[in-house]
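# Structure assessment
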Amino acid sequence: MAACGRVRRMFRLSAALQLLLLAAAGAQKLTAGPGGAGGGWKLAEEESCREDVTRVCPKHTWSNNLAVLECLQDVREVRSFLFFFFSFGKGYLVSCLVDHRGNITEYQCHQYITKMTAIIFSDYRLICGFMDDCKNDINILKCGSIRLGEKDAHSQGEVVSCLEKGLVKEAEERDPKIQVSELCKKAILRVAELSSDDFHLDRHLYFACRDDRERFCENTQAGEGRVYKCLFNHKFEESMSEKCREALTTRQKLIAQDYKVSYSLAKSCKSDLKKYRCNVENLPRSREARLSYLLMCLESAVHRGRQVSSECQGEMLDYRRMLMEDFSLSPEIILSCRGEIEHHCSGLHRKGRTLHCLMKVVRGEKGSLGMNCQQALQTLIQETDPGADYRIDRALNEACESVIQTACKHIRSGDPMILSCLMEHLYTEKMVEDCEHRLLELQYFISRDWKLDPVLYRKCQGDASRLCHTHGWNETSELMPPGAVFSCLYRHAYRTEEQGRRYSEKKMFHMLSRECRAEVQRILHQRAMDVKLDPALQDKCLIDLGKWCSEKTETGQELECLQDHLDDLAVECRDIVGNLTELESEDIQIEALLMRACEPIIQNFCHDVADNQIDSGDLMECLIQNKHQKDMNEKCAIGVTHFQLVQMKDFRFSYKFKMACKEDVLKLCPNIKKKVDVVICLSTTVRNDTLQEAKEHRVSLKCRKQLRVEELEMTEDIRLEPDLYEACKTDIKNYCSTVQYGNAQIIECLKENKKQLSTRCHQKVFKLQETEMMDPELDYTLMRVCKQMIKRFCPEADSKTMLQCLKQNKNSELMDPKCKQMITKRQITQNTDYRLNPVLRKACKADIPKFCHGILTKAKDDSELEGQVISCLKLRYADQISNLCAEEAAAQEQTGQVEECLKVNLLKIKTDTCKKEVLNMLKESKADIFVDPVLHTACALDIKHHCAAITPGRGRQMSCLMEALEDKRVRLQPECKKRLNDRIEMWSYAAKVAPADGFSDLAMQVMTSPSKNYILSVISGSICILFLIGLMCGRITKRVTRELKDR
């Protein structure tokens, strides 16, 4: 102490003993050494002590004054005689030696002083200068009496304890009513420091914990603070007495104010504190300069990769765990969170439960927390740094022990990656509920300061310093607060390799290292599990979460909800959600829950792209393509579809589309944001350039390729075409309520019920069909059902001619029945309107306005013509319209089976209109075999062998077959021969039922008749006979006339 001065040289043992005994004698009564058994003065023989010594001390100690003193000092009822005994001459010499016992090198002297220390610490009045420094404070705090002979209200050890509690209480109040003087504060902390090695020296704690020491620390040897640490470790045991627990807590609070009160910490970290300039002897004893400051200073050295001794790190771990276990050891928590603790967390004091209760409140699960309390919690988390070792958080450790033993057993105990492992198993079968809660509560704070994730800090500290201008581990900057550093890092992390190649070396300086980028991805994967782990998202979207997503409480639903309501969000929230969604589009693995649900599909179909370090949207594209595989589970399908729906809100949310078409969008589709509108804009541009046969496409090649991918994906689900979906919502409910979304099933249902649809929906469906017929590859159902048939029959066919190719091969024996049925459906659809048949439309471009002008004039642009134009063309094609148009018109509706039935039963048909249509079909079939698909299929081989040189159209190939039928030298296929004979019979029926309407019709029948030559011969013969008769008649009349003239 200051009043004693410093011992500048070491005393010889004999001199020290002589001085000590001289002081103890008081009145020159000493005639023998303190350990002697001679006839000198003995303390046991003093009248004031005889009764106590006889009652308390063993008989063999009576002759040894030091042994008697040691015996008496352990008795709380000891009389005040000891004070007089040691205070004679003020006792400064003995107290001074005790104060500086650490400097004594003589072993025997050191042992003797150690024993005397216990005696001196039994009464604060014996401690050098203590009474002078704390006299007034003892009276003010009512900690006892300092006047001689006056009975004390407290034992002498409890006076010191009372002062310690006053010091602790002052630190926990904003405006303390009673303040301990600075001199007394120093004296209290110095006494606590001097008693830090042996718990016997803290008299109040010794008496309070004597039984607990025997219970918990029986085998722990006293000295070097070992008993203190043992008792600290058992502080929250159920069998620990409340008096001992209270005394231990007071001791821990003193350590929190001055690290030197912990003997083991001060000794183990002495050299490290000096090495890294963490010693604050020359600094004012402010809160920042206490245990918390020293811990953060040493932690900073560890995080920077500096060498800190293992003994010191072990001590740091113990005291960081101590701070996490008991919130009351942190004055800032007491000051800032007192109201919240009383309101939300009363009765949860032990094992870190109070802190986790406060964390739970901060996460918004039990109410709200003041900003000061949140800041105090954040500071405490930084001081204790549980991210570096999960064992620091006892509540987390106990809750997650079973999970760690099963899911993370491959990781060394205490490794920082344990927390990351636990996060990876969040919401899995291995996770338990209590661990899940404790983990999220802690991660909430770790996510708000990038330095609290030790792996992230280690891998990214260089990048953060270079790119984000960060400072040391325990330093903060107003320009770059801890929460903003991670945002800075991930902005630099998601620069693509293509962008990197475009950057010069100077700009490459602004890209993250590979190791740091991997860590940023890991953190993003973890944050995607819970919006509360993303500080910026929760801060900016708090109101929107309450407004739109209050009922979305399941895992991952809150972010999905925000994405669903993207257009309704506040501007700042919309930007945050948009940026996060944009990141997900580049690296869908950020969506950890989706990846977990889709793991089987990824392993079976997408493992190649999943293994890529840089995703660039390939994995999501693969999942979309395989969304309807048998192995696909419902969760994965729903997640993939949801992401597709979110992508429709902004073209930037489709990473590959954005990167391929960004420049094209800016040039051709400025101010358009929604993906579907951008796709329509670019598709229209591509189509116009193609139709106009432009020399150079305005849309770049890479954009056109990706545009095709986007168009194909949109056809799979009606919800991916918002305009169509909105127009048909009511119709879907009315006609397709039992049909599931996806696989284009709703779209197919609407097509089948097209005549019953509302006007607006009907128009949209018609436009969709028109687009699909122009580009059959966009017909999802056709492509899906006929996938294998396309590979077999049309491997080299262009996307525009795909349906045409399938139609030509529809009647092949190898054609799949389901595909054949689907082709037939599409042909029927084409017959409803010539605009749904691009080939016919192009071929008949000139003829349609010429022959069907009346129909076109009456029709509306957005209404179907119900097959009127095609019927018109069929009636006209035989001898009036151009050859190409005739062939295309004749090729419509090539099913044939129904028509064949009607033709066979022509005479049985009673309805005039139906009979007329059948007669028209028969009339058309005479003109060209293409119109008769059954006959054409039966005779395809014969046409190839016998009529290959005959140009199709105008009945030429039909005449060729009829001549071959009559020619006995030609052998036709049996089926063809049978069908031709059937047709001859049908035509004869038709002639009976419907004779020619006029000369042109008659001439047409004659020219198309199989007996054309015979009929023409008969007609020619008849004409010749008539001519001869005419000649003969003319000669007779001429002769008669001449005879009349001669008369």
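Residues numbered from 1 in each chain as written. Predicted model: local features only at pLDDT ≥ 70, side-chain atom pairs only at ≥ 80, totals over all residues. Heavy atoms only, no water.

- By the naming in an unreviewed UniProt entry, the chain goes by Golgi apparatus protein 1 and is assigned to Canis lupus dingo.

### Quick notes on the overall build of the chain
- Looking only at helices and strands, one finds 59 helices and zero strands in the chain.
- Evaluated residue by residue, the chain yields a buried proportion of 51% over its 1047 residues.
- Once local pairs closer than 6 in sequence are excluded, the contacts in the chain between residues at least 24 apart make up 62%.
- Of the roughly 53500 Å² of accessible surface on the chain, a fraction of 51% belongs to carbon and sulfur atoms. (Helix = DSSP H or I, 4+ residues; strand = E, 2+ residues; numbered from the N terminus. Buried < 20%, exposed > 50% of the residue type's maximum accessible area, 1.4 Å probe, protein only. Contact = heavy atoms within 4.5 Å. Areas by Shrake-Rupley, 256 points an atom, 1.4 Å probe, with all protein chains shown as cover.)

### Let's talk about helix H21 (residues 417-424)
- Taking burial as the measure, the eight residues of H21 include six buried ones, the bulk of the element.
- For H21, every residue scored as buried is listed here: Ile418, Leu419, Ser420, Cys421, Leu422 and Met423.
- Looking at the buried positions of H21, the neighbouring elements they touch are helix H20 (394-407), helix H22 (433-446), helix H27 (514-527) and helix H31 (592-597).

### Some thoughts on helix H38 (residues 701-714)
- In this model H38 runs 20 Å from its N-terminal to its C-terminal C-alpha over 14 residues, within 8% of the 20 Å that 1.5 Å per residue would give.
- Buried within H38 are the following residues: Cys703, Gln706, Leu707, Arg708, Glu710, Glu711, Glu713 and Met714.
- On its buried side, H38 packs onto helix H34 (618-625), helix H35 (634-647), helix H36 (655-668) and helix H37 (675-691). (Expected span 1.5 Å × (residues − 1).)

### Remarks on the pattern of salt bridges
- Tallying each qualifying case throughout the model produces 49 salt bridges.
- Here lysine 656 makes a salt bridge to aspartate 618, at a shortest N to O gap of 2.7 Å. Separated by 38 residues along the polypeptide, lysine 656 in helix H36 and aspartate 618 in helix H34 bring together distant segments of the chain.
- By relative accessible area, aspartate 618 is classed as partly exposed at 23%.
- Where arginine 826 meets aspartate 779, a salt bridge forms, and the shortest distance between an N and an O atom there is 2.5 Å. Taken together, the residues arginine 826 in helix H46 (residues 817-832) and aspartate 779 in the loop between helix H42 (759-774) and helix H43 (780-785) connect sequence positions 47 residues apart.
- You can call arginine 826 buried: its relative accessible area is 4%.
- Here the salt bridges do not stand alone but share partners, grouping Arg708, Glu711, Asp775, Glu777 and Lys800 into one network. (Salt bridge = Lys/Arg side-chain N within 4 Å of Asp/Glu carboxyl O.)

### So, the packing of aromatic side chains
- Inspection of the entire model under this criterion finds seven aromatic pairs.
- With centroids separated by 6.1 Å and ring planes inclined at 75°, the aromatic side chains of tyrosine 725 and tyrosine 741 adopt a geometry described as edge-to-face. With tyrosine 725 in helix H39 (residues 722-727) and tyrosine 741 in the loop between helix H40 (729-735) and helix H41 (745-752), this residue pair connects regions lying 16 residues apart in the sequence.
- Given a relative accessible area of 18%, tyrosine 725 falls into the buried group.
- Owing to a relative accessible area of 32%, tyrosine 741 belongs among the partly exposed residues under this scheme.
- One aromatic cluster is present, formed by Phe199, Tyr206 and Phe207 through successive ring pairs.
- In this structure, arginine 448 packs its charged tip against the face of tyrosine 444, placed 3.5 Å from the ring centre.
- Its guanidinium or amino end placed over the ring of phenylalanine 486, arginine 527 lies 4.2 Å from that ring's centre, counting from NZ or CZ. (Phe/Tyr/Trp six-rings, centres within 6.5 Å; stacked < 30°, edge-to-face > 60°. Lys NZ or Arg CZ within 6 Å of the ring centre and 35° of its normal.)

### Focus: the side chain of arginine 245
- Here arginine 245 is to be found in helix H12 (residues 242-257).
- Here glutamate 237 takes part through its backbone oxygen, which lies 2.8 Å from a polar atom of the side chain of arginine 245.
- Other than its neighbours up to four places away in sequence, arginine 245 contacts Lys235, Phe236, Glu237, Met240 and Arg350. (Polar contact = N/O pair within 3.5 Å; in protein donor to acceptor, adjacent residues only side chain to side chain.)

### With respect to the nonpolar core
- Residues Ile333, Leu377, Leu422 and Leu489 are the most contacted members of the largest nonpolar core, which totals 126 residues.
- Apart from residues lying up to four places away in sequence, leucine 489 is in contact with Trp450, Cys460, Asp463, Ala464, Cys468, Leu512, Cys516 and Val520.
- By size, the runner-up hydrophobic cluster in this structure holds 19 residues, among which are Ile602, Cys622, Cys636 and Val640. (Core = buried A, V, L, I, M, F, W, Y, C linked by side-chain atoms within 4.5 Å.)

### Some points on the environment of cysteine 244
- Examined against the element boundaries, cysteine 244 turns out to sit in helix H12.
- Overall, the relative accessible area of 0% leaves cysteine 244 in the buried class.
- Beyond its immediate chain neighbours, meaning those up to four positions away, cysteine 244 contacts Ala208, Cys209 and Asp212.

### What about the state of the cysteines?
- For the structure on display, the rule yields 24 disulfides.
- A disulfide bridge connects cysteine 408 with cysteine 421, and the sulfur atoms are separated by 2.1 Å. In this structure, the disulfide formed by cysteine 408 and cysteine 421 twists by about -95° around the S-S bond and is classed as left-handed. You can see cysteine 408 sitting in the loop between H20 and H21 and its partner cysteine 421 sitting in helix H21, a full 13 residues away along the chain.
- Note on cysteine 421: relative accessible area 4%, which makes it buried.
- Each sulfur in the disulfide pair cysteine 786 and cysteine 819 lies 2.1 Å from the other. Disulfide cysteine 786-cysteine 819: the torsion about the S-S bond is 110°, which places it as right-handed. Of this pair, cysteine 786 sits in the loop between H43 and helix H44 (787-793) while cysteine 819 is found in helix H46, placing the two residues 33 residues apart along the sequence.
- For cysteine 786, a relative accessible area of 0% corresponds to the buried category. (Disulfide = S-S within 2.5 Å.)

### Details of a nonpolar patch on the surface
- Judged by side-chain polarity, Leu1016, Ile1019 and Ile1023 come together as a nonpolar surface patch covering roughly 250 Å² of accessible area.
- Note that leucine 1016 resides in helix H59 (residues 1012-1046).
- On the accessibility criterion, leucine 1016 (34% relative accessible area) is partly exposed. (Patch = residues over 30% accessible without salt bridge, like charges linked within 9 Å, V, L, I, M, F, W, Y side chains within 5 Å.)

### Here we look at the packing of helix H10 (residues 203-216) against helix H11 (residues 226-233)
- Between H10 and H11, the least distance of the axes is 11 Å, while the angle of their chain directions is 75°. Looking at the two axes, H10 sits roughly perpendicular to H11. Facing Leu205, Cys209, Asp212, Arg213 and Phe216 of H10, the residues of H11 in contact are Val227, Tyr228, Cys230 and Leu231.
- Looking at the contact of H10 with H11, its residues break down into seven nonpolar, no polar and two charged. (Axes fitted to C-alpha atoms, helices over the stretch in contact; angles between N-to-C directions. Parallel < 35°, antiparallel > 145°, perpendicular 65-115°, else oblique. Nonpolar A, V, L, I, M, F, W, Y, C, P; charged D, E, K, R; others polar.)

### Focus on unusual backbone geometry
- Phi at histidine 469 takes a positive value of approximately 55°, unusual for a residue other than glycine.
- On the secondary structure map, histidine 469 appears in the loop between helix H23 (454-468) and helix H24 (482-493).
- One non-glycine residue with positive phi stands out, namely asparagine 671, at about 70°.
- If you trace the backbone, asparagine 671 turns up in the loop between H36 and H37.

### Section: the packing of helix H15 (residues 291-303) against helix H19 (residues 371-384)
- Running from amino to carboxyl end, H15 crosses H19 at an angle of 55°, the nearest separation of the two axes being 8 Å. In terms of their interaxial angle, H15 and H19 are classed as oblique. Contacts from Ser292, Leu295, Met296 and Glu299 of H15 reach H19 at Gln382, Glu383 and Thr384.
- By residue class, the composition of the contact of H15 with H19 is two nonpolar, three polar and two charged.

### Focus: the confidence of the model for the chain
- Scored by pLDDT, the chain has a mean of 79; 74% of the residues are at 70 or more.
- Predicted confidence is poor over residues 1-38, with pLDDT under 50, and the contacts of this stretch with residues over four places away or in other chains come to 56 contacts.
- Low pLDDT, under 50, characterises residues 76-91; the predicted model gives this stretch 28 contacts beyond four residues in sequence or across chains. (pLDDT = per-residue confidence, 0-100.)

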